[in-house]
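Results of the structural survey
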Amino acid sequence: GSLAIIAAARKRREAKVPVPQWHAPWRLSAVISGHLGWVRSIAFDPGNEWFATGSSDRTIKIWDLAKCSAGLEGGLRLTLTGHISAIRGLAVSDRHPYMFSAGEDKKVLCWDLEYNRTIRHYHGHLSGVYSLALHPTLDILCTGGRDAVCRVWDIRTKHEIHVLGGHDGTVGSVLTHGVDPQIVTGSYDSTIKGWDLIAGKPLYTLTHHKKAVRSLVAHPTEFSFMSGAADNMKKWATRDGTFIKNFGGHKAVINALALNEDGVLASCADNGTMQMWDYNSGYCFQKQETIVQPGSLDAEAGFYAATFDKSGSRLLTCEADKTIKIWKEDDEATEETYPIDMEGWRNYCLAPKRR
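Residues numbered from 1 in each chain as written. Predicted model: local features only at pLDDT ≥ 70, side-chain atom pairs only at ≥ 80, totals over all residues. Heavy atoms only, no water.

1. Quick word on the overall build of the chain
A tally of helices and strands in the chain yields three helices and 28 strands. Radius of gyration (C-alpha) of the chain: 21 Å, near the 20 Å computed for a compact globule of 355 residues. With the principal axes as the frame, the chain shows a C-alpha extent of 75 × 50 × 35 Å. Within the chain, the fraction of its 355 residues that count as buried is 55%. Long-range contacts, defined here as pairs at least 24 residues apart, represent 48% of the contacts in the chain between residues at least 6 apart. In the structure as shown, the chain presents an accessible area of about 15,900 Å², 50% of it carried by carbon and sulfur atoms. Across the chain, the 41 positively charged side chains and the 40 negatively charged ones have centroids separated by 7 Å. (Helix = DSSP H or I, 4+ residues; strand = E, 2+ residues; numbered from the N terminus. Rg over C-alpha atoms; globule rule 2.2 N^0.38 Å. Buried < 20%, exposed > 50% of the residue type's maximum accessible area, 1.4 Å probe, protein only. Contact = heavy atoms within 4.5 Å. Areas by Shrake-Rupley, 256 points an atom, 1.4 Å probe, with all protein chains shown as cover. Lys, Arg positive; Asp, Glu negative; His and termini not counted. Charge placed at Lys NZ, Arg CZ, Asp CG, Glu CD.)

Shown next as structure tokens:
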């Protein structure tokens, strides 16, 4: 009888060890320079032909993805001016020829991409704006900032529909969804809130993090999201905010998270470290540090923003050495040359945990 109990206990323990999906390691493939300050934000065009970056040099630059990836000349298409401080949020609409930007100058701007000029200003933030997101199905823009609120704007009329208040610190990241919670906010007060857009009230408040939540990323197809803070990263069910699991081990201030449909999660930190994870299991399959541009100080190793392109095959990072870097999977790696460390992973999974 005792053997059966031991076997059952062992089975239960092994059930705690999810089998990670194998992913190839990612390598630096191109470096893009042109900005004169830290690169703070990035957004892709829905057609995946170009991307926009916002910087502390107060400009937004539009880049050709194919040329930049191949390291060819002429990658820079346009430079847009209109902000008077660092640009911290960018989004490109997939329904209108519009791009939206938000900055530390309290400005939230709408750009007409056919004429490359600003056509609307959204007035209301009392301090710098740190995050921006477009609603996937409604003509609504959400911006979060240092005034500790998320403001919800009607894109067309510029009317402020809601001021979502309740956080005690900067709203550093915003996610939007087609169904409730249609807005999720992460704040430097270390909480995350899911919002009922119609009522303008929170559906849930998540208080598990001990440190400022600086980044959120939603899964492209599954209804779940990740939050990143200096204590650790956490995975959540979006609908009701159920805690799923911790991704522990990236001991740094996580400024940016990026996630693609293959389940590759990148966590990019203030100190220039980047870790790649299997999103489903929580296994960290790669750790690396960025390489600063020649002539930069070591202190300029740091990530501020990151995103995958629309195909998920390239990762773009925005950095403190004033560059944008393009990373892609190592084509030559195989499960034999780059194996999963199952023993280390099993020990990690079975070690005593704290939430």
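2. Observations concerning the sheet that holds strand S26 (residues 303–308)
Spatial strand order, S1-S28-S27-S26: four strands in an open sheet with antiparallel pairing. Pairing within the sheet leaves two strands with one partner each, and these edge strands are strand S1 (26–33) and S26. When strand polarity is set aside, the average angle formed by the axes of neighbouring strands in this sheet is 25°. As paired strands, S26 and strand S27 (residues 314–319) are joined by five bridges and run antiparallel to one another. Looking across to S27, one finds that Ala 305 is bridged to Cys 318. (Pairing = 2+ DSSP bridges. Axes fitted to C-alpha atoms, helices over the stretch in contact; angles between N-to-C directions.)

3. Overview of the sheet that holds strand S6 (residues 87–92)
As summarised here, the arrangement of the four strands in space is S6-S7-S8-S9, forming an open sheet in which the pairing is antiparallel. Lying at the two open borders of the sheet, with one neighbouring strand each, are S6 and strand S9 (117–121). Between one strand and the next, the sheet's axes are offset by a mean angle of 30°, whatever the strand orientation.

4. Things to note about the environment of Val 184
Tracing the chain through its elements places Val 184 in strand S15 (residues 183–187). Look at Val 184 and you get buried, because its relative accessible area is 0%. Along the chain, Val 184 and Asp 196 lie 12 residues apart, while their C-alpha atoms are 9.4 Å from each other. Setting aside anything within four residues of it in sequence, one finds Val 184 in contact with Ser 173, Val 174, Leu 175, His 177, Ile 192, Lys 193, Gly 194, Trp 195, Tyr 204, Leu 216, Phe 225 and Thr 238.

5. A closer look at the pattern of salt bridges
What the rule picks out here adds up to 10 salt bridges. Residues Arg 95 and Asp 139 are paired through a salt bridge, measuring 2.5 Å at the closest nitrogen-oxygen approach. You can see Arg 95 sitting in the loop between S6 and strand S7 (98–103) and its partner Asp 139 sitting in the loop between strand S10 (129–134) and strand S11 (140–145), a full 44 residues away along the chain. Classification of Asp 139 as partly exposed rests on a relative accessible area of 33%. With a closest N to O distance of 2.9 Å, Asp 321 and Lys 325 form a salt bridge. (Salt bridge = Lys/Arg side-chain N within 4 Å of Asp/Glu carboxyl O.)

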